[in-house]
Amino acid sequence: MMAEMEAVTAAPPYDRLQEVKEFDEAKIGVKGLSDSGITTIPRIFIHPQEKISDLKSTSTSSGIPIIDLSNINSADHRLIIVEQVRAAANSWGFFQVINHCIPLSVLDEITAAIKSFHEQPQESKAKYYVRQGLSGVTYSSNYDLFKSEVATWHDYVSIWMAPAAPPIDQIPDIYRNELVEWDKNAAVLGDIVGELLAEGLGLDSRKLKESSLLKTRIFGGMFYPYCPQPHLTVGLSDHTDPGVMTILLPNQVPGLQVKHEEKWVDVKPLPGGLIVNIGDFLQIVSNGEYKSVQHRVKANSHKEPRISIVHWFDVGNWDESYHYGPLPELISPEKPAQYRTFSKQEYVENFYSKGLNSKSLVEKLKL
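Residues numbered from 1 in each chain as written. Predicted model: local features only at pLDDT ≥ 70, side-chain atom pairs only at ≥ 80, totals over all residues. Heavy atoms only, no water.

I tried to follow the nonpolar core on my own but got confused; where do I start?
General note: in soluble globular proteins, nonpolar side chains tend to be found buried as a group. Grouped together as the largest cluster of nonpolar side chains are 65 residues, with contacts concentrated most on Tyr175, Leu179, Trp182, Leu197, Phe219, Leu274 and Phe281. Setting aside chain neighbours within four positions, we find tryptophan 182 in contact with Ile102, Val106, Leu107, Ile110, Phe219, Ile247, Leu249, Leu274, Ile309 and His311. One finds Ile64, Tyr143, Tyr224 and Val258 within the second-largest nonpolar core, a separate group that totals 18 residues. (Core = buried A, V, L, I, M, F, W, Y, C linked by side-chain atoms within 4.5 Å. Buried < 20%, exposed > 50% of the residue type's maximum accessible area, 1.4 Å probe, protein only. Contact = heavy atoms within 4.5 Å.)

Here you go:
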C-alpha cells in the first residue's frame, strides 16, 4: 500500500503549457490525432463539464431564418428581402440565404479543395503550419491555442485576401484556383448583403462599402475531423465574430449551433445555401440595431469530416487616428449612442490578446 501511495505521489503534475507546446510542435493538428486511431483525447482538449453540459439543443425552433434572394432587383420584392434581412439581423444575428449569386459548382469545388488539403499526408502540409499572423497564409490548429484555457477539435487554413492578397504562388496549389474563384464570388455576395443590411438601417445601400466596412476579406477553411470523445470537447468554443459580417459555407455534416433566446439552436444547412452572421463591429456601428450572437461548433462524432468555408468581412484602410463607433445617422435624442468610439489599436488588441470569448468588445464599449 505504501509503495502504491509513493507511486501516486511521484506522478508528474499536469503541465498544460508543455503539452500544448508538444502538440503544436508536432504540426499534426487534430487531424493527425484522429488519424492515429486514439480512443481518448489528450487532456488539453477536455472542457469543464459545466461548459459543455448543454451541447444537446433544447430549443424547439426550426432553425435560423431562410431568405430567398430571388428577384432581388425587383423593386417591390427587394423591399420584402430588406425587411427579412433587417428582422433576422436584429433578432437572430444569423440567417441563411438561398438563390444567391454564387454557382453551385464554385461552392462544391472550394469545399472539395479544402477537404483535399487537410487530408493530404502530414509531411505535405507541415511546411505551411504556423501560428496565426496578421496577413498571408496560415495552416494551423486552434488560432488561440496558447491563449485559451482549453483547446478545441479543429484545424484550419486562413488567408488574408483583401485589401492585399498574398502572392499567388504562396497559396497552396491544391486549393489555389478554387480559392481565387470563391473569393471573387464571395466578394460580390458580400457587397449584395452589405447593401441589404444598409438599407435595413434606412441608409444608402452603399453606406457600408463606402465606409470601408467590407474592405478586408479573410478566408478560412475549417476542418473538423472525427473526434472519439465528442462529449468531452467542442469543435469551436462559443464566441461572437469580432468583424463586420461573415459568410459561411458548411458541408452537410452537422455541428453549428446558434444561441437564441438563451437556448442553443442546431443550424441545419441547406444544400447550396450560405449562412450569414453579424459581427461585433456591425452591432456597434449599427448602434445595436443588428445583433452579434454567440455560436459554437460541436465536436464531430461522424466519420465524415465537417468542412466549413468562411469569409470574414471587416473594416479596411483604417487610419490609426480614426475612431469608429455608431454611425451618426443612427444616433438621435430618441436613440442615443449605445457604444463609445474606439481606435484600431484597441480593436486589434482586443481580439489578438486573448482566446475566443463572447462579445468582449461589445461589452467593453457599452455606454
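I would appreciate a short explanation of unusual backbone geometry in the present structure.
Apart from glycine, the bulk of residues carry a negative phi angle, and the bulk of peptide bonds sit in the trans form. Geometrically, the link from alanine 162 to proline 163 is a cis peptide bond, its omega value of 10 degrees lying close to zero. If you check the backbone angles, asparagine 142 has positive phi at about 60 degrees while not being a glycine. Note that asparagine 142 resides in the loop between strand S3 (137-140) and strand S4 (155-162). Residue asparagine 142 is classed as buried on the basis of its relative accessible area, which comes to 0%. Phi is positive for glutamate 261, which is not a glycine, with a value near 55 degrees. Here glutamate 261 lies in the loop between strand S8 (256-260) and strand S9 (263-266). Since its relative accessible area comes to 68%, glutamate 261 is described here as exposed. (Helix = DSSP H or I, 4+ residues; strand = E, 2+ residues; numbered from the N terminus.)

Just to check I follow, could you spell out helix H5 (residues 75-91) for this structure?
Because an α-helix completes one turn every 3.6 residues, residues spaced three or four positions apart along the sequence face the same direction. In this model, H5 (17 residues) spans 25 Å end to end at C-alpha, consistent with the 24 Å of a helix rising 1.5 Å per residue. The set of residues buried in H5 consists of Arg78, Ile81, Val82, Val85, Ala88 and Ala89. Down the axis of H5, the buried side of the element spans an arc of 135 degrees, and every buried residue falls inside it. Across H5 from its buried face, at more than 90 degrees, point the exposed residues Asp76 and Leu79. One or two residues past the end of H5 sits glycine 93, with phi positive at roughly 75 degrees. (Expected span 1.5 Å × (residues − 1). Arc of directions from axis to C-beta.)

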